[in-house]
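# Structural overview for review
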Amino acid sequence: MPLYHDDEQTMLQDTARGFFDEHAPVSHMRGLRDAKDPAGIAHELWRRCGEMGFTMALIPEEDGGLGLGHVEAGIVQEAIGRNLTPSPLLATAIGGVVALRAATNDLRTEWLPRIAEGVAIVALALEEGSKHAPDQITLKACKHADGFVLNGAKRFVPHAHIADLLIVSARSSPGAEPMLLAVTRETTGITMRTQQLADASLVSDIEFDDTVVEHSNVLVPPRDTGALLEEILNAVRVGAAAELIGLADGAMERTFAYLRDRKQFGVEIGSFQALQHRAAHLYGEVELARAAVLKAQRELDGGSGDRSRHAMVAKAIASQAATLAVQEGVQMHGGIGMTDEHDIGLFMKRARVLAELYGDTNYHAHRLASVNGY
Amino acid sequence: MTDDLTQFRKETRAWLQSNCPLQMREPQTDEDLYWGGRDGAFANSAQKQWFEAMLSRGWTTPDWPTEYGGGGLDPERAKILREEMSRINARPPLSSFGIWMLGPALLKYGTEEQKRYHLPPIIRGEIRWCQGYSEPGAGSDLASVATRAEDKGDHWVVNGQKIWTSYANKADWIFCLVRTDPTAPKHLGISFVLFDMRTPGVSTRPIRLISGNSPFCETFFDDVVVPKGNLVGTLHRGWDVAKYLLGHEREMISAMGLGEVESITTGISEIDPLLRSQMALFDVRAAAFRACSELFLDEFRAGRAHPAKSSMMKYVGTELNKARHELLMSAGGFEAARWSGGSDAGASAQAWLRSKGNSIEGGTSEVQLNIVAKRILSLPST
Ligand SMILES: Cc1cc2nc3c(=O)[nH]c(=O)nc-3n(C[C@H](O)[C@H](O)[C@H](O)COP(=O)(O)OP(=O)(O)OC[C@H]3O[C@@H](n4cnc5c(N)ncnc54)[C@H](O)[C@@H]3O)c2cc1C
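Conventions and cut-offs
Residues numbered from 1 in each chain as written. Chains lettered and ligands numbered in written order. Predicted model: local features only at pLDDT ≥ 70, side-chain atom pairs only at ≥ 80, totals over all residues. Heavy atoms only, no water. Core = buried A, V, L, I, M, F, W, Y, C linked by side-chain atoms within 4.5 Å. Buried < 20%, exposed > 50% of the residue type's maximum accessible area, 1.4 Å probe, protein only. Helix = DSSP H or I, 4+ residues; strand = E, 2+ residues; numbered from the N terminus. Contact = heavy atoms within 4.5 Å. Axes fitted to C-alpha atoms, helices over the stretch in contact; angles between N-to-C directions. Parallel < 35°, antiparallel > 145°, perpendicular 65-115°, else oblique. Left-handed = near helix turned anticlockwise from the far one by under 90°. Nonpolar A, V, L, I, M, F, W, Y, C, P; charged D, E, K, R; others polar. 1 Å grid on protein atoms, 1.4 Å probe; cavity = no way out; pocket = protein on both sides within 12 Å on 5 of 7 lines; lining within 4 Å. Points joined across faces, edges and corners; volume = space filled by probe spheres on them. Buried area = accessible area lost by both parts, 1.4 Å probe. Salt bridge = Lys/Arg side-chain N within 4 Å of Asp/Glu carboxyl O. Polar contact = N/O pair within 3.5 Å; in protein donor to acceptor, adjacent residues only side chain to side chain. Near = heavy atom within 4 Å. Areas by Shrake-Rupley, 256 points an atom, 1.4 Å probe, with all protein chains shown as cover. Domains from an automatic or database assignment. Pairing = 2+ DSSP bridges.

A word on the nonpolar core. Nonpolar side chains in soluble globular proteins tend to end up buried together. Counting residues in each nonpolar core, the largest one holds 163 residues, and the members touching the most others are A:Phe20 and A:Leu100. Ranked by residues supplied to this core, first place goes to helix α7 (residues 225-261) of chain A with 18 residues. Setting aside chain neighbours within four positions, we find A:Leu100 in contact with A:Leu107, A:Arg108, A:Trp111, A:Leu112, A:Ile115, A:Val122, A:Leu165 and A:Ile167. If you look at the next biggest cluster of nonpolar residues, it comprises 37 residues, including B:Tyr68, B:Met101, B:Ala143 and B:Phe192.

Residue and element names in this part refer to chain B. For the pair helix α6 (residues 238-254) and helix α8 (residues 273-301), the least separation of the axes is 11 Å and the interaxial angle reads 155°. With respect to their mutual orientation, α6 and α8 come out roughly antiparallel. Handedness of the α6/α8 crossing: left-handed. Across the interface between the two elements, Gly247, His248, Glu251 and Ser254 of α6 pack against Phe289, Phe296, Leu297, Phe300 and Arg301 of α8. Counted by class, the contact of α6 with α8 contains 4 nonpolar, 3 polar and 2 charged residues.

Attention shifts here to empty space enclosed by the protein. Residue and element names in this part refer to chain B. Considering all chains together, one arrives at 5 cavities of 30 Å³ or more under this definition. Together, Trp35, Gly36, Leu94, Ser95, Ser96, Phe97, Gly98, Ile122, Gly125, Ile127, Arg128 and Trp129 line the largest cavity. Class assignment of the residues belonging to the lining of the largest cavity gives a composition of 6 nonpolar, 5 polar and 1 charged.

Attention now moves to the interface of chain A and chain B. Each side of the interface is counted separately: chain A has 39 residues, and chain B has 40 residues. With both sides pooled, the region where chain A packs onto chain B buries about 3,500 Å², and carbon together with sulfur makes up 66% of that total. Taken together, the connections running from chain A to chain B amount to 3 salt bridges. For B:Arg285, the salt bridge is made with A:Glu285, and the minimal N-O distance between the two is 2.7 Å. At the boundary of chain A and chain B, one finds 18 residue pairs in polar contact (both at pLDDT 80 or more). Of all the secondary structure elements, the ones that give two or more residues to the side of chain A that touches chain B are α7, α8 (273-302), α9 (307-333) and α11 (361-371) of chain A.

Let us look at the site of the ligand. Taken together, 18 residues sit near the ligand, with B:Ser134, B:Ser140, B:Trp164, B:Thr364 and B:Glu366 positioned nearest. Residues near the ligand are shared among chains A and B, making this a multi-chain site. Between B:Tyr133 and the ligand, the recorded distance is 3.0 Å, taken from a backbone N or O atom to an oxygen atom. B:Glu366 is positioned such that a nitrogen or oxygen atom in its side chain is 2.7 Å from an oxygen atom of the ligand. The protein chains hide 68% of the 970 Å² of surface that the ligand would expose on its own. Breaking the shell around the ligand down by element, the ones donating at least two residues are β3 (155-166) and α11 (365-376) of chain B. Residue contributions to the shell around the ligand peak at 3 residues, all from β3(B). A class-by-class count of the residues in the shell around the ligand yields 4 nonpolar, 11 polar and 3 charged. Split by domain, the shell around the ligand shows at least three residues from each of two domains, domain 2 (129-236) and domain 3 (240-376) of chain B.

Turning to the sheet that holds strand β1 (residues 122-125) of chain A, a few remarks are in order. Residue and element names in this part refer to chain A. Judged by pairing direction, the sheet is mixed, and its 3 strands sit side by side in the order β1-β4-β5 without closing on themselves. Edge positions in the sheet fall to β1 and β5 (179-184), since each has one partner strand and no second. Strand-to-strand, the axes of this sheet are offset by a mean angle of 20°, without reference to chain direction. Looking at chain direction, strand β4 (residues 165-170) and β5 are connected through 6 bridges and run antiparallel. Across the sheet, residue Ala170 finds its bridge partner in β5, namely Met179. Contacting β1 and β5, α7 runs over the sheet at an angle of about 65° to β5.

Residues and elements named next belong to chain B. If you check the domain split of chain B, you get domain 1 (3-102), domain 2 (129-236) and domain 3 (240-376). Using C-alpha coordinates to define each centre, domain 1 is positioned 23 Å away from domain 3. Each partner contributes residues to the interface: domain 1 has 9 residues there, and domain 3 has 9 residues. Contact between domain 1 and domain 3 buries roughly 810 Å² in total, counting both sides, with carbon and sulfur atoms accounting for 60%. A per-residue breakdown of the area domain 1 buries against domain 3 is headed by Arg82, Trp100 and Met101, which together make up 57% of the total. Where domain 1 touches domain 3, the interface holds 3 salt bridges. Across the pair Glu294 and Lys79 runs a salt bridge, and its minimum N-O distance is 2.8 Å. Along the contact surface separating domain 1 from domain 3 lie 3 residue pairs in polar contact (both at pLDDT 80 or more). Looking at the side of domain 1 that touches domain 3, the elements with two or more residues in it are α3 (75-87) and α4 (97-109). Of the residues in the side of domain 1 that touches domain 3, the class split is 4 nonpolar, no polar and 5 charged.

Pasting the structure below:
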């Protein structure tokens, strides 16, 4: 099968780009930021994402979804990246869905239809520190008559403050298999402190203080939970990588347009070879990353044994390429690129956060070297 | 349809399993390549057996039309064959400028007679070709070639000099850019001609490289008579053929980026943790490049690729290969720098030095960046 998008995927790409370009361009994100919107997203837009089917790609048909794959989910994520659209789609429709569709209990039938409709929002509470380290789980889940009692904290959880459901990783004791719990935000014993990151996205630190979680809220996959956690992480890493590709495209389009328009020394600055070569190099880096992301999506969809490795590569290279795109973007815009009024700076801030999300380049390169045996 | 492809994969896998000698699945060095040609000799019987088996199915050129002896595979089947060959590390049975460069240009621009005359011997490895593009005064500025072809009625007489002509001393025929109209603007006075290297007036002189090898030559033409029928494409419009061919050449050279460094990583984190980090980052790029190469080949073979995208691929792939050899040298230390002694006397160092040519041959990295900037990114010219 050729690696490029088939006709239906190309159509979906046109639809998704058209939708986000029209309904949630960068000015939409700027508006939410400037209004200090407490939700940080537009709920109306989220509902329409459900109407458009954007939340449904990975949901099996029997659960009210479209039963498509990571290629399709990534196409939507890319359209979001191009427009810097604040959206809980990544954690909900990619991470949340991969988690919940593996559940062998009622969690699956309870939540998937509501995600499909664009009603429910899911947040992934998997981190406890400032750098991505999903294996470091100190949140403690102690056995209790009705299920488990949670004590501990999760940090920097995107969209947690508006989430209906939190998917939380915990351990019963240090070194034990991780557990995943699907907890509603209103559960007693949960407190949140919500803060803004540089890109104006909202993340929360979550305290669990004797939080009681019933058995029915324990995510029970057919096989071990550690493997499911890896599966969820693969999915959101590749999803975040797709968003980074969209972001890099958005930054490049603006930058290359500026190189064609802006004049100095009586000529377009894009005629200077020093800039041309950097622009062409950047284009190559983004193409490299684009292909790696596409490949990883395909490997996830095909269930290949090598999918974790491809996911690492995709996230590592997409973070790197998008970082280069925004750095060159700001530099090639000169003074105007440093202003809040110009959009290129917003791309830089979002790229910083996305590069960090679910593991940065170094994190994944290090892991890749380990699985490659050195 | 998918069933057919699955069946094809199954059959191909089985066929390769029984027809590809084990020796032909080991990593190869430049010396192990079979180039064919009038004087072509097989290095060993495994190489011969493998070549003949592949040829019997037309698989020295899997996706060329069967009427000339090619394999006639559609892009999907050709991809399956590539994947199955790479799965067992099967070597290409035949290395050939005829296959990589001239063939595609003849398939597009050649007359039926030219195709019938030239393609079968390329497919069968009987004629070895070399590329007469660069001249002492025409490198990056290739369109300024000065080698003259004077019209003498039923033939041309060619005079001039080419340089950096890879394997000119071993090749049977040359495809050559010559100036047929010195008065026209430089791109519009060039023609693309073919001739036998045994034609009187053709001589070559090998040039020694930093690697110590002499794979390329200066090539001199002194009143060389070339029949009119050996023109490919339209008179004075050889630049179109030249550029089309370069797209294929660049696609081929970009595959240099597919190499790995994994073999030399044992113990590296103790010996040099910084080198380990560099290698890890290299591995990320190398894996991404493999995906990029797969995507590009799929697009290229389906005729969907931007015509200048081969320039991007060539730039990225060759720079990656140079980085790979730097890492290999760094990991290998003095052992890798050894020029004599041992069984593989100087192989690492020679391969490292050879890799430096990747970003020069087929158009330099800087030239590829110029092309990408103008033709893909539409940046203004000066
Ligand atoms: C291993 C090897 C095999 C080869 N095989 C063949 C062959 O078989 N047949 C054949 O015809 N040729 C062959 N070549 C020649 C090759 O195509 C040329 O060397 C190449 O096109 C560069 O030309 P040049 O050597 O004249 O360098 P120059 O064009 O003089 O370039 C010198 C430097 O200037 C830079 N430069 C030049 N113009 C520009 C510009 N406009 N913008 C920015 N930088 C610029 C170049 O990038 C380079 O760094 C081979 C070369 C090598 C190294």
